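# Examining the three-dimensional arrangement
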Amino acid sequence: MFTTEIEKFIKTNKYSTFSPKAIFFDMDGVLFDSMGSHAIAWVGALKQMGLPFTEEEAYMNEGRTGASTIDEVFVKQHGRSATEEEKQTIYRLKSKLFDAFKHHEKIPYVTELLKKIQAQELEIYVVTGSGQPSLIDSLESKFPGIFNKNKMVTAFDVKIGKPHPEPYLMALKKSGLCPWEAVVIENAPLGVESASKAGIFTIAVNTGPLNSSILLDSGANLVFDNMNELYEKWETFRKNWYAGTNEKRHQKTN
Ligand code: CA
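Along each chain, numbering runs from 1 in the same order as the chain's sequence is written. Given that this is a predicted model, residues contribute local features only at a pLDDT of at least 70 and side-chain atom pairs are listed and counted only at 80 or more, while totals for whole chains, interfaces and linings are drawn from all residues. Water and hydrogen atoms were dropped before computing side-chain values, which therefore reflect all heavy atoms in the structure.

### Regarding the sheet that holds strand 6 (residues 222–224)
By way of backbone hydrogen bonds, the strands of a sheet pair with one another, either parallel or antiparallel. Whether two strands pair depends on DSSP finding at least two bridges between them. A run of H or I in DSSP becomes a helix once it reaches four residues, and a run of E becomes a strand once it reaches two; helices and strands are each numbered from the N terminus. Read from one edge to the other, the open sheet built from six strands follows the order 3-2-1-4-5-6, with strand pairing classed as parallel. Whereas interior strands pair on both sides, the edge strands pair on one side only; in this sheet they are strand 3 (152–153) and strand 6. Pairing of strand 2 (residues 123–127) with strand 3 involves two bridges; the strand directions are parallel. Across the sheet, the residue bridging to Val127 is Val153, located in strand 3. Here a residue-residue contact requires only that any non-hydrogen atoms of the pair lie within 4.5 Å. Angular values range over 0 to 180 degrees, each being the angle between N-to-C directions of two axes fitted as lines to C-alpha atoms, with helices fitted over their stretch in contact. Lying on the sheet, helix 6 (residues 110–119) is in contact with strand 1 (22–25), strand 2 and strand 4 (182–186); it crosses strand 1 at an angle near 155°.

### Here's the deal with the packing of helix 2 (residues 35–48) against helix 5 (residues 84–99)
The packing of two helices is summarised by the inter-axis angle and the distance between the axes. Between helix 2 and helix 5, whose axes approach to 8 Å, the crossing angle comes to 135°. Between helix 2 and helix 5, the angle is such that the two are oblique. In terms of crossing hand, the pair formed by helix 2 and helix 5 is right-handed. Of helix 5, the residues touching helix 2 (which contributes Ser37, His38, Ala41, Trp42, Gly44, Ala45, Leu46 and Gln48) are Ile90, Tyr91, Leu93, Lys94, Leu97 and Phe98. Among the residues making up the contact of helix 2 with helix 5, the classes are represented as nine nonpolar, four polar and one charged. In this scheme, roughly parallel covers angles under 35 degrees and roughly antiparallel covers those over 145, while 65 to 115 is roughly perpendicular and the rest are oblique. Crossing chirality is assigned from the near helix's rotation relative to the far helix, an anticlockwise turn below a right angle marking it left-handed and a clockwise turn marking it right-handed. Residues are sorted three ways: Asp, Glu, Lys and Arg are charged, Ala, Val, Leu, Ile, Met, Phe, Trp, Tyr, Cys and Pro are nonpolar, and all the rest, Gly among them, are polar.

### Quick look at the packing of aromatic side chains
Geometry of aromatic contacts follows a simple scheme: Phe, Tyr and Trp rings, the Trp one being its six-membered ring, pair when their centres are within 6.5 Å, and the pair is stacked under 30 degrees between planes, edge-to-face over 60, tilted otherwise. Enumeration over the complete set of coordinates arrives at 19 aromatic pairs. Between the aromatic rings of Phe2 and Phe237, the centroid separation amounts to 6.0 Å while the plane-to-plane angle is 90°, which identifies the pairing as edge-to-face. In this pair, Phe2 is assigned in the segment before helix 1 (3–12) and Phe237 in helix 11 (residues 227–239), connecting sequence segments 235 residues apart. Each member of the pair, Phe2 as well as Phe237, is classed as buried. An aromatic cluster of at least three residues, connected via ring pairs, comprises Phe2, Phe9, Tyr15, Phe18, Trp180, Phe201, Phe224, Trp234, Phe237 and Trp241. Positioned over the ring face of Phe143 is Lys106, at 5.0 Å from the centre of the ring. Three exposure classes are used, based on accessible area relative to the maximum for each residue type with a 1.4 Å probe and protein chains only: buried under 20%, partly exposed in between, and exposed over 50%. Criterion for a charge above a ring: Lys NZ or Arg CZ within 6 Å of the ring centre, and within 35 degrees of the ring normal.

### Side note on the environment of Met27
Locating Met27 in the fold gives a position in the loop between strand 1 and helix 2. Met27 sits in the buried class, given a relative accessible area of 0%. When the C-alpha positions of Met27 and Glu140 are compared, they lie 13 Å apart, and in sequence the two are 113 residues distant.

### Details of the domain arrangement of the protein chain
Along its sequence, the protein chain is organised into domain 1 (2–33 + 105–253) and domain 2 (35–99). Taking the mean C-alpha position of each, domain 1 and domain 2 sit 26 Å from one another. If you look at the interface, domain 1 gives 23 residues, while domain 2 gives 15 residues. Counting each side, the surface lost to burial between domain 1 and domain 2 is near 1400 Å², with a carbon and sulfur contribution of 56%. Put simply, buried area is how much 1.4 Å-probe accessible surface two parts lose in total, over both of them, once they are put together. Counting the surface domain 1 buries against domain 2, the share from its top three residues, Gln132, Leu190 and Leu210, is 34%. For the purposes of these results, a polar contact is taken to be a pair of N or O atoms within 3.5 Å, where, inside protein, one atom must be able to donate a hydrogen and its partner to accept one; residues adjacent in sequence count only when each atom of the pair is a side-chain atom. In this structure, the connection of domain 1 to domain 2 is made through three residue pairs in polar contact (both at pLDDT 80 or more). When contributions to the side of domain 1 that touches domain 2 are tallied by element, the ones reaching two or more residues are helix 7 (133–142) and helix 9 (189–197). In terms of residue class, the side of domain 1 that touches domain 2 is built from 11 nonpolar, eight polar and four charged. Reported domain spans reflect what an automatic or database domain assignment gives.

### A closer look at the pairing of strand 4
Within strand 4, five of the five residues are buried, which leaves it mostly tucked inside the rest of the structure. Residues Ala182, Val184 and Glu186 line one face of strand 4 and the alternating positions Val183 and Ile185 line the opposite face, and both faces are buried. Summarising the sheet, strand 1 and strand 4 pair through four bridges and their orientation is parallel. Bridge pairing links Phe24 to Val184 in strand 4.

Written as C-alpha cells, this is what we have:
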C-alpha cells in the first residue's frame, strides 16, 4: 500500500529518493475544525459590502490570503482589484464575524497524529494562509508542546500565498530541507495545488464538503476521507518511504 503513489511521486518529480524529515501541516481544516466559521464569516462580511459570495466559493478559495480572496471577488464583481482600504474594511469585518465563533474544536485524531509524528522525531511545521491571530495564538494552548513559533509560515510571512507554491517553498527554506524531505498535509484544493507545485508529497484529508476528486485533480498524491484514516495508516505510509530508490539512491546533490 502507498508504494505506487510514492514511486509515481519520485518519478514525476525526477527525484532519487523520498526521505521525509519534516511534516508541514496546513491549519484551517487540518488542525482546527474552523472552515465552517470561515465560510460563514466570508459570506456575511462580503454581503454587508453588497458582494455576492457563497459558502461553496469560500471552500473553493480556502487557503488564499484574505487580501487575495477579496481581490478575486472584486475582479469577478467589479472587474478590478480591491483597494487597500476596501481590503482592510472587509477583512476587519470578516475577522469580527469569525471571532464571534468563540471555540474551534480540533480536528478529531489530529492530536494523536501529531504526537505520533513527534515521537518519530520528525519536525512539525505549520503553513497557513490564515492571518487570524486568534487561531494562530491558540496553536500553542490547544496543542501544548507541539508547535514552535519559529516553525510557522503564516499570512504575515508571505507575499503571494496559496495556490502559488510560495508558502511551501518558504517552509522548505525555513527548515533547510529539499522537497523530497517533506510531506504536506492539506485539506483544500488551493492548498494542495500550492504544495504540489512546490514539489512536495501532498496528502489531502477531506475534512470539508467538497468532492474528493477535486483534491486529486489539484495534485494530491494521496487522499483520505478523514484524519482518523490517515492516523490509522500513517505507519504503513512511513514504512514505504525510500521506496523505489533501493539501488539508485545516491547522495543528494545540493
Ligand atoms: Ca485548509
